[in-house]
Amino acid sequence: MVDAAQRTTGKLNKFEKFKAEKDGLAVKSELAEFAQLGWESVDETDLTHRLKWLGIFFRPVTPGKFMLRLRMPNGILSGQKMKVLAEIVQRYGEDGSADVTTRQNLQLRGIRLEDIPDIFERFEAVGLSSIQSGMDNVRNITGSPVAGIDADELIDTRGLVKKLQDMITDRGEGNPEFTNLPRKFNIAVEGGRDNAVHAEINDIAFVPAYREGKLGFNVLVGGFFSARRCEAAVPLNAWVEPNDDVVALSRAILEVYRDNGLRVNRQKARLMWLIDEWGMDTFRAEVEKAYGKPLLSAAAEDEIDWDKRDHVGVYPQQQPGLSYVGFHVPVGRLTAQDMFDFARIADVYGDGEIRLTVEQNIIIPYIPDTRLDLLMAEPLLQKFSTSPTPLVRSLVSCTGAQFCNFALVETKQRALAIARQLDATLHLPQPVRIHWTGCPNSCGQPQVADIGLMGTKVRKDGKPAEGVDIYMGGKVGKDAQLGTCVQKGVPCDELPAVLTGLLTEHFGAQPASQGDPEH
Ligand code: SRM
Ligand code: SF4
């Protein structure tokens with residue numbers, strides 16, 4: 001076991017020290033004062049760190065224009081909520097925009113600190129929350145984006161994910177029990193057959209499995225990416241029923257992690273490091289103690305037996321006569337007008353609901369089949385296609401240098417430009433998933449991609465230049481596995497040629513001919 005004294009003595013890292021001095025959530029009661037003072041007068045640690053407990057991110061790249069990260073349990077929001085978010089972003093003109101994130105969530109841009117009290121009032125009025133969405137907290141909890149509408153789903157995860165979020169955030173009020181974890185923490189609850197959530201890269205993942213004829217979840221733990229180390233989640237050897245046991249077991253794991261996780265070296269603080277240090281048997285025994293009843297052993301196999309779907313396009317729902325439509329959102333970026341448009345489409349054609357995917361796309365469900373033709377003729381589809389070209393279709397990109405100070409390269413615009421260029425010059429037999437990430441933190445998940453591109457600095461012709469390390473071999477859906485680095489330091493301006501080579505050699509790409517229907 002880890003020496004408890006090591007965690008509580010003077011060797012704590014600087015984050016642990018400032019958390020011990022003042023909990024992140026404490027800034028909640030100071031927001032009105034901060035708004036009045038202006039961001040320049042806010043204490044540095046409050047400004048750059050503690051505000052993240054409320055989802056408010058100071059951006060050194062654009063000082064004074066904050067990012068606001070929400071929580072979207074299971075990636076679901078109403079058109080009404082989307083409209084409120086659009087109104088908030090709209091008032092910032094050119095500076096205002098939103099991104100769909102790789103955790104099925106939304107982040108708003110251009111936000112001014114003086115507006116936060118008013119924004120939070122608007123949030124409260126419609127049931128939105130940004131609480132505990134950054135720093136050493138449990139991040140947005142993901143679930144299948146077609147939960148409750150997928151004809152082949154096993155478990156509808158919507159209620160469970162909401163209950164989990166309510167427990168972790170005390171129904172959005174902020175829950176001091178879980179605001180001082182050793183590090184960030186990711187939870188996913190998969191109810192479908194295709195592992196839409198990337199279960200393998202979460203600190204806790206629930207995946208559907210039959211045990212003695214009963215449907216429930218096998219539990220995986222410890223998956224994570226960091227600059228230092230990336231690991232796929234491993235079995236806890238536990239199975240739970242799809243009810244409050246999911247919440248109780250998550251609570252037990254969080255308590256064990258909170259009270260025992262390593263807090264000296266921040267690079268070794270994620271859950272997997274504790275599991276390594278203790279060994280799985282000890283970890284499981286400690287979790288069982290916190291759970292308060294015997295853990296059932298895992299089912300022999302899980303039910304993840306499909307290739308992963310991307311949900312782009314039109315698909316029949318489990319409800320007869322209704323379809324869901326998946327719109328491709330290029331690299332997840334939305335303007336205020338786009339957000340109003342999606343809210344309108346959801347209201348006019350669907351039942352007002354909007355869903356987000358970890359591929360940074362949007363689904364509008366509950367479209368009567370009789371209304372599909374009208375919907376498909378909407379001008380919105382010119383920007384947000386339901387049948388994009390193969391490389392653009394599967395493109396994912398993290399924020400990158402435009403707003404993120406960790407970034408070593410610009411990502412989103414470059415990713416899109418290169419994908420469009422290659423789609424115009426190559427014919428691909430099937431989509432190839434290319435993920436861009438601006439630095440080794442891996443927010444864009446290059447390790448789950450067919451081709452992952454991780455920003456790095458290179459030298460070209462004796463001068464510093466932007467480049468990437470290339471990852472390959474990521475496999476998603478059933479038998480998911482992480483890709484690894486296959487080539488280092490490729491200058492970005494050489495990427496079209498290098499990617500053309502990889503796509504030709506490994507993915508059957510051929511030069512596009514004029515008669516090709518895609519061109
Ligand atoms: Fe991330 C830090 C953006 C998903 C691993 N991530 C950051 C920060 C907050 C850094 C910062 O303060 O600038 C980035 C904010 C930039 C900005 O202005 O947008 C940032 N991460 C993102 C998002 C927005 C990428 C995107 O474009 O979609 C994703 C937001 C998810 C959400 O809604 O909550 C995002 N980040 C991820 C993921 C993917 C996932 O969860 O599936 C990972 C890898 C998985 C994991 O965490 O195990 C990820 N982000 C990191 C890390 C490395 C964590 C570590 O243990 O070392 C950092 C740096 C850190 O925490 O110290 C980081
Ligand atoms: Fe920023 Fe790096 Fe995360 Fe991209 S991967 S959002 S550059 S921290």
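Structure's up top.
Outline the sheet that holds strand S20 (residues 434–437), supporting the account with residue identities and numerical values.
Note: strands within a sheet are paired through backbone hydrogen bonds, in either parallel or antiparallel orientation. The strand order across the open sheet built from five strands is S18-S20-S21-S22-S23, with neighbouring strands paired in mixed fashion. Edge positions in the sheet fall to strand S18 (396–397) and strand S23 (484–491), since each has one partner strand and no second. Where strand S22 (residues 463–472) and S23 come together, five bridges link them in antiparallel fashion. Opposite glycine 467, over in S23, you have proline 491 as the bridge partner. Sheet contacts for helix H15 (residues 412–425): S18, S20 and S22; angle to S20, the most-contacted strand, approximately 155°. The sheet contacts of helix H16 (residues 495–507) involve S20, strand S21 (451–460), S22 and S23, and relative to S22 the element is tilted by about 15°.

Pulling in residues and values, what's your account of the pattern of salt bridges?
The tally for this structure, following the rule as stated, stands at 47 salt bridges. Residue lysine 22 pairs with glutamate 30 through a salt bridge whose shortest N-O separation is 3.0 Å. For lysine 488, the salt bridge goes to aspartate 469, with nearest N and O atoms at 3.5 Å. Taken as a pair, lysine 488 in strand S23 and aspartate 469 in strand S22 lie far apart in primary sequence, 19 residues in all. Each of the salt bridges in this network shares a partner with another, and the network as a whole consists of Glu16, Lys19, Asp136, Arg263 and Arg266.

Before we move on, could you go through the site of ligand 2 and cite the residues and values that matter?
The local shell around ligand 2 consists of Cys398, Thr399, Gly400, Cys404, Phe406, Ala407, Thr437, Gly438, Cys439, Asn441, Ser442 and Cys443. In the shell around ligand 2, the residues fall into six nonpolar, six polar and no charged.

Could you give me a rundown of the sheet that holds strand S13 (residues 313–316), with the residues and numbers involved?
Taken in spatial order, the five strands line up as S3-S16-S17-S14-S13 in an open sheet, and their pairing is antiparallel. The sheet terminates laterally at strand S3 (76–78) and S13, the two strands that pair on one side only. On average, each strand axis in the sheet is tilted by 30° relative to the strand beside it, whichever way the strands run. In this structure, S3 lies alongside strand S16 (residues 353–356), joined through three bridges in antiparallel fashion. Looking at the pairing, serine 78 lines up with glutamate 353 of S16. Running at roughly 80° to S3, helix H5 (residues 79–90) makes contact with S3, S16 and strand S17 (362–368) of the sheet.

Got a sec to walk through the packing of helix H7 (residues 158–169) against helix H8 (residues 244–260)? Specific residues and values, please.
Where H7 meets H8, the axes come as close as 9 Å, and the angle between the chain directions of the two elements is 40°. Judged by the inter-axis angle, H7 sits oblique to H8. For H7 against H8, the interelement crossing comes out right-handed. Along its contact with H7, which presents Leu160, Lys163, Leu164, Met167 and Ile168, the element H8 presents Asp244, Val246, Val247, Ser250, Arg251 and Leu254. Of the residues in the contact of H7 with H8, the class split is seven nonpolar, one polar and three charged.

Just give me the short version of the pairing of strand S8 (residues 204–211), but keep the residues and values in it.
Buried residues dominate S8, accounting for seven of its eight residues. As paired strands, strand S7 (residues 187–189) and S8 are joined by three bridges and run parallel to one another. Within S8, the position partnered with isoleucine 187 by the bridge is isoleucine 204. With eight bridges connecting them, S8 and strand S9 (residues 214–221) associate as antiparallel partners. The residue bridging isoleucine 204 from the neighbouring strand is valine 221, located in S9. The hairpin formed by S8 and S9 contains two residues between the paired strands, and glutamate 212 there has a positive phi angle of roughly 45°.

Describe the packing of H15 against H16, naming the residues involved and giving the relevant values.
Their axes nearest at 11 Å, the elements H15 and H16 cross at an angle of 50°. When the interaxial angle is binned, H15 and H16 end up oblique. The way H15 lies across H16 gives a crossing that is right-handed. Counted together, Ile418, Gln421 and Leu422 of H15 and Leu495, Pro496, Leu499, Thr500 and Leu503 of H16 form the full contact between these two elements. Its residues assigned to classes, the contact of H15 with H16 comprises six nonpolar, two polar and no charged.

Could you give me a rundown of the environment of glutamate 177, with the residues and numbers involved?
Along the chain, the position of glutamate 177 falls in the loop between H7 and S7. For glutamate 177, a relative accessible area of 33% corresponds to the partly exposed category. Distance in space between the C-alpha atoms of glutamate 177 and glutamate 255 is 8.5 Å, their sequence separation being 78 residues. Leave out the neighbours within four places in its chain, and glutamate 177 touches Arg251 and Arg258. Of note is the side chain of glutamate 177, whose polar atom sits 2.9 Å from the side chain of arginine 251.

What counts and how
Residues numbered from 1 in each chain as written. Chains lettered and ligands numbered in written order. Predicted model: local features only at pLDDT ≥ 70, side-chain atom pairs only at ≥ 80, totals over all residues. Heavy atoms only, no water. Pairing = 2+ DSSP bridges. Helix = DSSP H or I, 4+ residues; strand = E, 2+ residues; numbered from the N terminus. Contact = heavy atoms within 4.5 Å. Axes fitted to C-alpha atoms, helices over the stretch in contact; angles between N-to-C directions. Salt bridge = Lys/Arg side-chain N within 4 Å of Asp/Glu carboxyl O. Near = heavy atom within 4 Å. Nonpolar A, V, L, I, M, F, W, Y, C, P; charged D, E, K, R; others polar. Parallel < 35°, antiparallel > 145°, perpendicular 65-115°, else oblique. Left-handed = near helix turned anticlockwise from the far one by under 90°. Buried < 20%, exposed > 50% of the residue type's maximum accessible area, 1.4 Å probe, protein only. Polar contact = N/O pair within 3.5 Å; in protein donor to acceptor, adjacent residues only side chain to side chain.

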